[in-house]
Every structure is written in C-alpha cells, then in structure tokens.
Amino acid sequence: MYEDKIRKIAWDLLEKGNVDFIIGWEKGSLPFLTAPLICRDVAETERLVWNPFCANNLARYLKYYKGGKEKIALCVKGCDARAVSVLLREEQIERERLVLIGLPCHGLINPKKLLENFPDITPGEVEWEEGILRIRGKEENIVHLLEGSCTRCRYPDPPIHDFLVGEKLGEGYAESSEVEDMLEYYDKMSTEEREEFFAREMERCIRCYACRNACPLCYCQECFAESTRPSWVSPAPLAFDNLLFQLGRTMHMAGRCVECGACGRSCPVEIPIDILPEKVAESIRKEFGFESGLDTGETAPLLTYREDDQEDFIK
C-alpha cells in the first residue's frame, strides 16, 4: 500500500537524521476528514495516512519555518508541490531545507457529496488502495464525488519531488468529458448576473478569514484587510467590504494561485470563493501562457515587464 511506502520513507528519514521532522496527514477526529501531522519521532510515522480525504495543502505550514535551520520533509500532492515551487521562487524557504515526498493524486473526495450519494455510510465502508475506491465492497468511480477544484486539475503529479510514491498519472480530470467545467457556469452569466451572484454570496460571508488562512501562498505578516493605517475595509462583515476583501486577495494571488481549492474548501458557509482566483489563473494562462508553480525559475507575468509583450488583452 502507498501508506506503507510513505511511512517507510518517513521512518528512514528520521532514523538517519536526514530531516528534523515530517509534515503529513493523519486520521481526523471526524469521519472522512484528515488533519495535518508533524512527526518528530519515528514512532509517530505509523500515524501517517494517504487517501482522498487528505485535503490540507501542507505547503501552508512552511511559512512558520521561514528563516529557520530545520530540515523538513513534506508530503505533497500536485497542487501542494506547485505551491512549494511558488514559495521557492518567492524566496520564502530554501530548497536545500526540504525533502519532498511526492504523491500522484487521483483527486479529493468531497465528504458532503459522499454522504449525499451514500447516506448513512461509515468510514469502515470506504476503502482506498493505490488509486482504487471501494464503497461497501463495490468499486466506484471517484469522478462524481470530487471536489470542484479537482475536476479542473491538470497536474495531478507533483512537478517537484525527491521521492515519488506510486506511478505518475499524467493528465488530471480537466480534459475529461465526464466532468463539467464549473468555470463555464460562471462564464455563461452576463456581467449583471455575475455581480448579483457574488453580491448575494458576500452577504453570507462572516469574514472569518478561513480562506486566507488555508491558502498556502497568503503569508503577509499583516493582511491589507486588517490594516488600520491605512484602513482598506471595515472590520465588520458587510457585503461590500467582504467583496472588496475577496477581490483584493484575488489580485494578490494573480499569477501565483496554484488552483488547489483550499480557500473554497475552508469556507464554513460554503461560498465558492475559489472561483475568483481560479478564473484569474485561467485568464493568465490564456493571455500569457503562464501557469503558476510549474517552473521555479520563471517570473509571474504580473511581476515582470517585457518590451515585446503583445498586450492584445488591453487594446
């Protein structure tokens, strides 16, 4: 099993003193959820898991070790590794401090979809082994249970890694005819319909900042939303200020977002807020031919200038 291979790699790294600790996932306290796990002792590696519920983008935790000396092993899915690549490009951590355990990802299961399709299911009735999903003993197609961001994934394999557990998958689900691209739903709306949609959604926002806190690339020491000199948005969760916060965060993510969907999954009121940064990422991909997190040496288009830029998009 892949879990056994991950645990063996982690055990060896700690036993030989090659890393100070390992960041991975363990079984969560609630059904169909996992939690981040930091292993500092070889005995703790037995708690490491790998399944379609390992939703946390673990690159998020690297911000807490910036400027340190610890050597860190990190379990990374495709989107996690892309986030690490951006952090390396932005000099938030040094590559020599990282050992990346790459995990080709078949996609994350949305627990709500799982319960809607299989009422009263228990964790013991769900089996996951080397890319095969079995529910109540029957093999199931994972596609209709996926998180929205996973249905748009084009890079299920970690672009950078030191170890690779399992075979590369190649393409994700983005080109699959089985999957409806959710971005198309918003593209078909008129400008007025989109404005009305997001205005309505922002009325539900409680400004808990879970979306920001889950993002692996939001690492500013002071967020503009909490700045008082100057003050950009009201601290109260008013619809207009909620939208201003989200638009500001989206522009901060332009050319950086790795489309992991962490922001959308973390929202306690289920606002599909990941649509905004993913839509900007799609526009940058089309207009500049740039995709974040695939090349640590390439500068994001909004952070550079070229005299030969066609600039057709602003003409």
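Let us look at the structure shown here. (Residues numbered from 1 in each chain as written. Predicted model: local features only at pLDDT ≥ 70, side-chain atom pairs only at ≥ 80, totals over all residues. Heavy atoms only, no water.)

1. Section: the pairing of strand S1 (residues 21-27)
Of all the seven residues making up S1, six are buried; the element is thus mostly covered by neighbouring parts of the structure. Alignment of S1 against strand S3 (residues 72-76), held across three bridges, turns out to be parallel. Residue pairing across strands places Ile 23 opposite Leu 74, the latter belonging to S3. Looking at chain direction, S1 and strand S2 (residues 34-39) are connected through six bridges and run antiparallel. (Buried < 20%, exposed > 50% of the residue type's maximum accessible area, 1.4 Å probe, protein only. Helix = DSSP H or I, 4+ residues; strand = E, 2+ residues; numbered from the N terminus. Pairing = 2+ DSSP bridges.)

2. Let's talk about helix H1 (residues 2-15)
Taking 1.5 Å of rise per residue, the 14 residues of H1 would be expected to cover 20 Å, and the 20 Å separating its terminal C-alpha atoms lies within 8% of that figure. Those residues of H1 that sit buried are Tyr 2, Glu 3, Ile 6, Arg 7, Ile 9, Ala 10, Leu 13 and Leu 14. Along the axis of H1, the buried positions cluster into a sector of 160°, meaning they face one direction only. Looking one or two residues past H1, Gly 17 carries a phi angle of roughly 70°, positive in sign. (Expected span 1.5 Å × (residues − 1). Arc of directions from axis to C-beta.)

3. Overview of the sheet that holds S1
Spatially, S2-S1-S3-S4-S8 is the arrangement adopted by the five strands of the open sheet, whose pairing is mixed. Each end of this open sheet is capped by a strand with a single partner; those strands are S2 and strand S8 (163-164). As paired strands, strand S4 (residues 98-102) and S8 are joined by two bridges and run parallel to one another. Among the inter-strand pairings, Gly 102 is bridged to a residue of S8, identified as Leu 164. In the packing of helix H2 (residues 78-89) onto the sheet, the strands contacted are S1, S3 and S4, and the crossing angle to S3 comes to about 135°. (Contact = heavy atoms within 4.5 Å. Axes fitted to C-alpha atoms, helices over the stretch in contact; angles between N-to-C directions.)

4. Examining helix H8 (residues 239-252)
Side chains that are three or four residues apart share a direction in an α-helix, a result of its 3.6 residues per turn. Helix length check: H8, at 14 residues, gives a terminal C-alpha distance of 20 Å against a target of 20 Å (1.5 Å per residue), a fit within 8%. By the burial criterion, the buried members of H8 are Asp 241, Asn 242, Phe 245, Gln 246, Gly 248, Arg 249 and Thr 250. Turning to H8, the residues buried within the fold contact helix H6 (191-202), helix H7 (210-214), helix H9 (262-266) and helix H10 (275-288).

5. A short note on unusual backbone geometry
A cis amide bond, omega 0°, links Arg 229 with the succeeding residue Pro 230. Position of Pro 230 relative to the elements: it lies in the loop between H7 and H8. Despite not being glycine, Phe 32 has its phi angle at roughly 60°, a positive value. Mapped onto the elements, Phe 32 comes out in the loop between S1 and S2. Phi at Arg 136 is positive, roughly 55°, even though this residue is not glycine. By secondary structure assignment, the location of Arg 136 is in the loop between strand S6 (132-135) and strand S7 (138-140). Look at Arg 136 and you get partly exposed, because its relative accessible area is 43%.

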